[in-house]
Amino acid sequence: MSKIIRIGTRDSQLALWQAKTVQSQLEHLGHKTVLVPVKSTGDIVLDKPLYELGITGIFTKTLDIAMLNESIDIAVHSLKDVPTVLPKGIVQAAVIKRGNVNDTLVFKNNEEFLSARDAVIATGSLRRRAQWLNRYPTHTVENIRGNVNSRLQKLEDNEHWNGAIFAAAGIGRLNIRPENAINLHWMIPAPAQGAIMVTALEKDEEILEICQEINHEETQICTAIEREFLNRLEGGCTAPIGALAFIKNEEVNFKGILLSKDGTKKIEVAKVVPLGKHNDLAEFCASYIIGKGGKTLIDQLQRSNKETNIYSTKKLTDDQLLLFHNDVVADSNDAIKISLNRIPKTVVRNEIKNVIITSKNAVEALLHNFSAIELRFKNIYCVGRRTKRLVEKRIGKVTHTESNAKKLANYLVEYIEGTEVTYFCSDLRLDDLPNILSENNITVNEVEAYQTKFDADKVEANVDGVMFYSPSTVESYLKQNKATGIAFCIGETTAKAASHYFEDVRVAKVPTVESVIELVNDEFLRRQES
């Protein structure tokens, strides 16, 4: 080729090393080249972890634009930084022989902190953070950004850090690997870690042909499998995904991992197939991860990258979170904490003719104090279908149930056997039921079975609505937050409490969490259609 090949690169020390490696290989084959350094957003914004910037391909976009503008002929990247889908018109032209794939821990003084309960590790990688916390759940992980040299200096300057994690290839290529460093063979690297990629314009056939001269086929096969695995899991730099493929004895060995951001959840896969029969390997392994709960985990990861717009005053399960409309980003926590009381044995010494149980917490309190055999109740009256199911499963048959305490009280006024009831309740119980019964000459023996403690979060986001499940969740939430948005309530009693503070109050069709979720979805469907 007679013209000079313009090699686009970031201007960091490591990126220049990679570009010069490509330059050297091309010039060794007789081609003339020149380096064209370009600064990227990822090099400029150093005060946030990469996964908080919300951009995939943060280190490649500037070079992509330069190439599409035909300011450069090829671009050199760390392949792990390149999005799995390239911009239209740009293609992978070559992959250079891979270097060290491992992550490396650089530590201070010694490695004793690894067996300690408390330690502080620095990394800007969500994948490294998640895997570290999965292995060392009591440790603290703090953010570190910058080029390799600046990160090593930050480790030295931060006295409370015990170590920091680097790509072995990076510190090795710059010949700055400290003596206090160990490879983390247990940590699955980022897809394509340690590999250098060259991109070019799809239409530039001459450049593409030249780049094939420096392509390393084994590295190309392995990194293609890893990147397809990443693509099929819909991951980018905002998802903790690791993948590694290598060829040994004419076999392709693969292992992959998906984790939650905090490392508490982990799904792994490993498979070996003959070389030549590896085309479906990435698809098989990604499908395995998805089938083992990966779909739920990925959905949670994607939602966590968006701003919360619905808050639940009850901790929601993974399955419940999946029920929300696509536009809903829900956060949740228990606004009230339950403390079970000690109930004297004298309370249940003799058979009790009429018992009222209005919550599952009261059931748990009874069974915490007594065995089911000791609970000799002739007639059991409940509030809520789920409370009824729990009573019948663990204590005995329910005589009658209603959807709320007021309806149950009115029923008892008409149909109760005798004139006395024992009511197992909370310290924060509502007055409706005992007042109605007392006014109708029915004696109510209240037994405080459990205590309700307010423990609501302060919600920073400006939410569109709040999900409430009892009057006490309303009260707890408002001790920390203002009444803004819509109050989505599980029942009439909760709605009545919320109506004192919220202008817009909605009530679920049936008193279940799923029905409250349906209320939320109806609102977002309405917005979508309007």
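Details of the structure are given in the entry above.
Residues numbered from 1 in each chain as written. Predicted model: local features only at pLDDT ≥ 70, side-chain atom pairs only at ≥ 80, totals over all residues. Heavy atoms only, no water.

Caption draft 1: Examining the pairing of strand β20 (residues 420–426) more closely. Within β20, six of the seven residues are buried, which leaves it mostly tucked inside the rest of the structure. Taken together, the three bridges between strand β17 (residues 352–357) and β20 define a ladder with parallel strand orientation. What sits directly across from I356, in β20, is Y423. The pairing of β20 with strand β21 (residues 443–454) spans seven bridges and is parallel. Among the inter-strand pairings, F424 is bridged to a residue of β21, identified as V447. (Buried < 20%, exposed > 50% of the residue type's maximum accessible area, 1.4 Å probe, protein only. Helix = DSSP H or I, 4+ residues; strand = E, 2+ residues; numbered from the N terminus. Pairing = 2+ DSSP bridges.)

Caption draft 2: Quick look at the sheet that holds β20. Ordered in space as β16-β21-β20-β17-β18-β19, the six strands form an open sheet in which the pairing is mixed. Taken across any chain shown, the strands that pair with only one partner, and hence form the sheet edges, are β16 (336–340) and β19 (400–402). Direction aside, the axes of adjacent strands within the sheet are offset by 25 degrees on average. Where strand β18 (residues 377–383) lies against β19, three bridges are found, and the strand directions are parallel. Directly across from C382, in β19, lies its bridge partner T401. Across the sheet, helix α14 (residues 405–415) lies against β17, β18 and β19, angled at about 140 degrees from β18, the strand it touches most. (Axes fitted to C-alpha atoms, helices over the stretch in contact; angles between N-to-C directions. Contact = heavy atoms within 4.5 Å.)

Caption draft 3: Spotlight on unusual backbone geometry. In this structure, A192 takes a positive phi of about 70 degrees despite not being glycine. Take A192: its relative accessible area is 0%, and that puts it in the buried class. You will see that N441, though not glycine, has its phi angle at about 65 degrees, which is positive. Locating N441 in the fold gives a position in the loop between α15 (432–439) and β21.

Caption draft 4: Geometry of the side chain of Q320. Within the secondary structure layout, Q320 lies in helix α11 (residues 318–321). At 3.2 Å, the side chain of Q320 forms a polar contact with the side chain of E514. The residues touching Q320, leaving out its near neighbours within four places in the chain, are K315, V513, E514 and I517. (Polar contact = N/O pair within 3.5 Å; in protein donor to acceptor, adjacent residues only side chain to side chain.)

Caption draft 5: Seen up close, the side chain of Q18. Relative to the elements of secondary structure, Q18 occurs in helix α1 (residues 13–28). Within the structure, Q18 has its side chain in polar contact with the side chain of S78 (distance 2.9 Å).

Caption draft 6: Broad picture of helix α12 (residues 360–369). Turning to α12, its buried residues number three or more, namely A362, V363, A365, L366, L367 and N369. Summarising the contacts, the buried residues of α12 are in contact with β16, β17, β18, α13 (385–394), β20 and β21.

Caption draft 7: Geometry of the sheet that holds strand β14 (residues 310–312). Pairing is parallel in the open sheet, where five strands are placed in the order β15-β14-β22-β23-β24. In this open sheet, the two strands that pair with only one neighbour each are β15 (330–332) and β24 (504–507). On average, adjacent strands in this sheet sit at an angle of 20 degrees to one another, irrespective of strand direction. Note that strand β23 (residues 486–489) and β24 share four bridges and pair parallel. Note on β24: the bridge partner recorded for A487 is V505. In the packing of helix α18 (residues 513–529) onto the sheet, the strands contacted are β14, β22 (465–468), β23 and β24, and the crossing angle to β23 comes to about 140 degrees.

Caption draft 8: Expanded view of the pattern of salt bridges. Throughout the structure, instances matching the rule amount to 23 salt bridges. The residue R526 makes a salt bridge to E523 at a minimum N-O spacing of 2.7 Å. Note that R526 and E523 are positioned in helix α18 at a spacing of three residues, about one turn of the helix. Linked through salt bridges whose partners overlap, the residues forming this network are D464, D504, R506, E523, R526 and R527. (Salt bridge = Lys/Arg side-chain N within 4 Å of Asp/Glu carboxyl O.)

Caption draft 9: How the structure looks around the packing of aromatic side chains. Per the counting criterion, the structure on display carries nine aromatic pairs. Centre to centre, the rings of Y411 and Y415 are 4.8 Å apart; their planes meet at 35 degrees, and the pair counts as tilted. In this pair, Y411 and Y415 both sit in helix α14, four residues apart, roughly one turn of the helix. You can call Y415 exposed: its relative accessible area is 54%. Here the aromatic rings of F468 and F502 are separated by 5.5 Å at their centres, their planes lie at 65 degrees, and the arrangement is edge-to-face. (Phe/Tyr/Trp six-rings, centres within 6.5 Å; stacked < 30°, edge-to-face > 60°.)

By themselves these figures say nothing about function.
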